[in-house]
Amino acid sequence: MPSASPRVALRVDNLKKAYRDVQAVDGIHFELVAGECFGLLGPNGAGKTTTIEICEGLTPADSGVVEVLGLRWETDAKELRQRLGIQLQETQLAEKLTVLETLELFRSFFREGPLPAEALALVQLDEKRHARVGGLSGGQKQRLALACALVGNPDLLFLDEPTTGLDPQARRQLWDLIQQFKRDGRTILLTTHYMDEAQQLCERIAIMDHGRIIARGTPRELIDSIGIEHIVEFSTAGDVDLAPIRTMAGVKDVHPAGGFFEMQVTELHTCVPALVGELGRQKLALTELRTHSATLEDVFVALTGRHLRDE
Amino acid sequence: MSDGFRSHPLVQLTLLRLREFLREPEAVFWALIFPILLAGGLGIAFRGEAPEVVRVAVTDDAIAATLRQDPVLDVVAMTPDEAARALRSGRILLVVEPGADGGAAYRYDDTNPEARAARAAANQALQVASGRVDPVRVDDVITRETGARYIDFLIPGLVGMGIMGNAIWGLGFSIVDARRRKLMKRIIATPMPRHLFLGSFLAWRVLLLPVEVGVPVLFGRVAFDVPVRGGMIDLALLAMLGSMTFSAIGLLIASRAKTIEAVSGLMNFVMMPMWILSGVFFSADRFPDAVQPLIRALPLSALIDAIRASMLQGITLVALWPQVLTMIAWLVVSFIAAMWLFRWR
Ligand SMILES: Nc1ncnc2c1ncn2[C@@H]1O[C@H](COP(=O)(O)OP(=O)(O)O)[C@@H](O)[C@H]1O
Ligand SMILES: [Mg+2]
């Protein structure tokens, strides 16, 4: 079957995969349009790696359709391998090799693509070209892994949790690189369990949990879908009566959340003064007050009652 | 074009193997330096110089005086207590004590050939000094050939053991390490044909073989004049066949293991019996006849027997067909089984 449209870079339909006692992927479908960055967002164990590795031709699916660049793994594996750029979740490259040697190795596997030195420039690792891989920082190793994914000049890039375990600065640097790849017109499938990463990088997101996609859309659409604009967190000296707060105009919900209270509201400029007034009536001192705009994290909490990262 | 050659995946994968090996000083030490130290140490300990004088302990002054007339014997006078201690600790192998009827008694361990030789020498000296006349005249014709000393026996054994160890350890550790780091999975996610990944291990073994075999053979030649009667070409062919055979066995051992611990255990389990049985340090002929067919069927026995026969006796490869066939059989069976079982991720 030829693909529906040449603009579809990846089509996944009713995909299923079970390991002995877990249904890792449970009938999901999604499509990647050429030129976009699509995110699979979900907590650990959601089935993101299983999904992306099936798309990469590394894991066989139990059932379902996977069409990559209009091709199928069963018949076109050789061609597909040339055209995909892959970064696995937990590869440790050979420590004894230098950065440049590693890229020469990977470059030799592909028909065409940038020179190793050019690929290094793409990930801003030029000055480390003669350093041993074992001596690189976590962020540098991850950038090298990205360069290895780019040496074949891929039409589609798979990035599985590219910033997991990195410090904030290294993450930001990686985000900048991925933004640059997007500007270069690359198509990217990215998995992550960081909501801010998905929000920053992805045009469209599918939220995964327990092998299923539980919501999908642009970050804006997803956040709007829960009808909460802002989150107000506060704590007080003494016990609060939550009932009058719950009935204030613009308040969706308020509940205790581990040592403080979390209030979901539509408008900050009316709700915060109302809250302060109400606490004054109850003769309670406000000891802490924080607000933030609703995020994908709040979407996940609203959908599942759990947080993305169980910390 | 040299650049085109360098950018071939097999060349790059082989470079990966070589770089990982050469940049690991411990690996280089165990593969190349250690066999020389071992051969040197053992060669010195068992050097085939003029026959040493036989040391015997004597607890009786009269017998001591009689035995001292024979220059082959180094007679040490001891009290019975001292003699017993020296015997237990192995410093001397024979004690001569006063015996019944004014004769002598020999105290020694009859399972030790050197002790039996010492007894024979002491007895000869004692009987001759007491007036025995031998009825048959004998003459000793001494020949000392290279090829018959312990070091001559040892060097082929070490060469064979080195080929086995380097191939099995080399493949076992590298493959499992690549699997454990998910590096293997990453590499097979590229268009590289999988057989090149395995081929790079063979290329790596073959490239290092001249050094691995050449170093101990050359050392034996220079330091102890150990012969290579069958010629370097036959030796190289045998080494190559041996290395491929043990590479296939290493591939089989590493085909499914996921941790270094698991593969180490398996490798030792496979190699240990061969270290003992295959005649590395002493002749396998010492084991009972019943197990000889089993020992001959071991790949290391075949390799070492063939190298020894070629180096020391100059026997041709054609005449060594049983050993060659044994290795080929191991090579083919292990390789097929490894391909059947191999786990790429
Ligand atoms: N090789 C495997 N064998 C058995 N279970 C697995 C295997 N790989 C993943 N799983 C299970 O499948 C589920 C999904 O895992 P994974 O796809 O790695 O999730 P994620 O990448 O979202 O963290 C988890 O419950 C995990 O334990
Ligand atoms: Mg994962």
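Residues numbered from 1 in each chain as written. Chains lettered and ligands numbered in written order. Predicted model: local features only at pLDDT ≥ 70, side-chain atom pairs only at ≥ 80, totals over all residues. Heavy atoms only, no water.

1. Details of the environment of Gln23 of chain A
All names here are of chain A.
- Inspection of the secondary structure puts Gln23 in strand S2 (residues 22–33).
- Distance in space between the C-alpha atoms of Gln23 and Gly47 is 8.7 Å, their sequence separation being 24 residues.
- For Gln23, the contacting residues outside a window of four places in its chain are Lys16, Lys17, Ala18, His210 and Gly211.
- Within the structure, Gln23 has its side chain in polar contact with the backbone oxygen of Val25 (distance 3.0 Å). (Helix = DSSP H or I, 4+ residues; strand = E, 2+ residues; numbered from the N terminus. Contact = heavy atoms within 4.5 Å. Polar contact = N/O pair within 3.5 Å; in protein donor to acceptor, adjacent residues only side chain to side chain.)

2. Observations regarding the pairing of strand S3 (residues 94–98) of chain B
Residues and elements named next belong to chain B.
- In terms of burial, S3 is a largely internal element, 4 of the 5 residues being buried.
- Pairing geometry for strand S1 (residues 54–58) and S3, over 2 bridges, is parallel. When the sheet's bridge partners are listed, Val58 is paired in S3 with Val96.
- Of the strand pairs in this sheet, S3 and strand S4 (residues 104–108) are connected by 5 bridges, and their pairing is antiparallel. The partner of Val95 across the bridge, within S4, is Arg107.
- Joining the antiparallel neighbours S3 and S4 is a turn of 5 residues, in which Asp101 adopts a positive phi near 55°. (Buried < 20%, exposed > 50% of the residue type's maximum accessible area, 1.4 Å probe, protein only. Pairing = 2+ DSSP bridges.)

3. Here's the deal with the coordination of the magnesium ion (ligand 2)
All names here are of chain A.
- The protein atoms that coordinate the magnesium ion (ligand 2) are Thr49 (OG1) and Gln89 (OE1), at distances of 1.9 to 2.2 Å. Of the two residues, Thr49 is situated in helix H1 (residues 48–55) and Gln89 in the loop between strand S5 (84–87) and helix H3 (99–107); the sequence distance between them amounts to 40 residues.
- The exposure class assigned to Thr49 is partly exposed, which follows from its relative accessible area of 24%. (Donors = N, O, S within 2.8 Å, 3.2 Å for Na, K, Ca; no water.)

4. Digging into the packing of helix H7 (residues 150–180) of chain B against helix H10 (residues 232–253) of chain B
All names here are of chain B.
- One can describe the packing of H7 onto H10 by two numbers: an axis separation of 8 Å at closest approach and a directional angle of 35°. Considering only the axes of H7 and H10, their crossing is right-handed. Taken together, the residues of H10 that come into contact with H7 (itself represented by Ile163, Met164, Ala167, Ile168, Leu171 and Ile175) are Ala239, Gly242, Ser243, Phe246, Ser247, Ile249, Gly250, Leu251 and Ile253.
- The residue makeup of the contact of H7 with H10, split by class, is 11 nonpolar, 4 polar and no charged. (Axes fitted to C-alpha atoms, helices over the stretch in contact; angles between N-to-C directions. Left-handed = near helix turned anticlockwise from the far one by under 90°. Nonpolar A, V, L, I, M, F, W, Y, C, P; charged D, E, K, R; others polar.)

5. Re the sheet that holds strand S4 (residues 63–68) of chain A
Residues and elements named next belong to chain A.
- The strand order across the open sheet formed by 3 strands is S2-S1-S4, and the pairing between neighbours is antiparallel. The open sheet terminates on both sides in strands that have one partner only, identified here as S2 and S4. Here the average twist between neighbouring strands, direction ignored, is 15°.
- Examined bridge by bridge, strand S1 (residues 8–19) and S4 share 5 bridges and lie antiparallel to one another. Bridge pairing in S4 places Arg11 opposite Glu67.
- Together, S1, S2 and S4 form the strand contacts of H1, whose direction differs from that of S1 by roughly 125°.

6. Describing the interface of chain A and chain B
- Contact residues are listed per partner, giving 26 residues for chain A and 23 residues for chain B.
- Roughly 2,400 Å² of surface becomes buried between chain A and chain B when both sides are summed, with 58% attributable to carbon and sulfur atoms.
- For the interface between chain A and chain B, the tally reads 8 salt bridges.
- Linking chain A to chain B there are 16 residue pairs in polar contact (both at pLDDT 80 or more).
- Those elements giving two or more residues to the side of chain A that touches chain B turn out to be helix H2 (73–83), H3 and helix H5 (138–150) of chain A.
- Across the side of chain A that touches chain B, the residue classes break down as 12 nonpolar, 6 polar and 8 charged. (Buried area = accessible area lost by both parts, 1.4 Å probe. Salt bridge = Lys/Arg side-chain N within 4 Å of Asp/Glu carboxyl O.)

7. With respect to the sheet that holds strand S13 (residues 285–293) of chain A
Residues and elements named next belong to chain A.
- Reading across the sheet, the 4 strands line up as S11-S12-S10-S13 and stay open at both edges, with antiparallel pairing between neighbours. Only two strands of the sheet have a single partner each, and these edge strands are strand S11 (251–256) and S13. Put simply, the sheet's adjacent strands are angled 20° from each other on average, direction ignored.
- The pairing of strand S10 (residues 230–237) with S13 spans 8 bridges and is classified as antiparallel. The residue of S13 that forms the bridge with Glu233 is Arg290.
- Along the sheet, helix H10 (residues 268–281) contacts S10, S11, strand S12 (261–265) and S13; its crossing angle with S10, the most-contacted strand, is approximately 15°.

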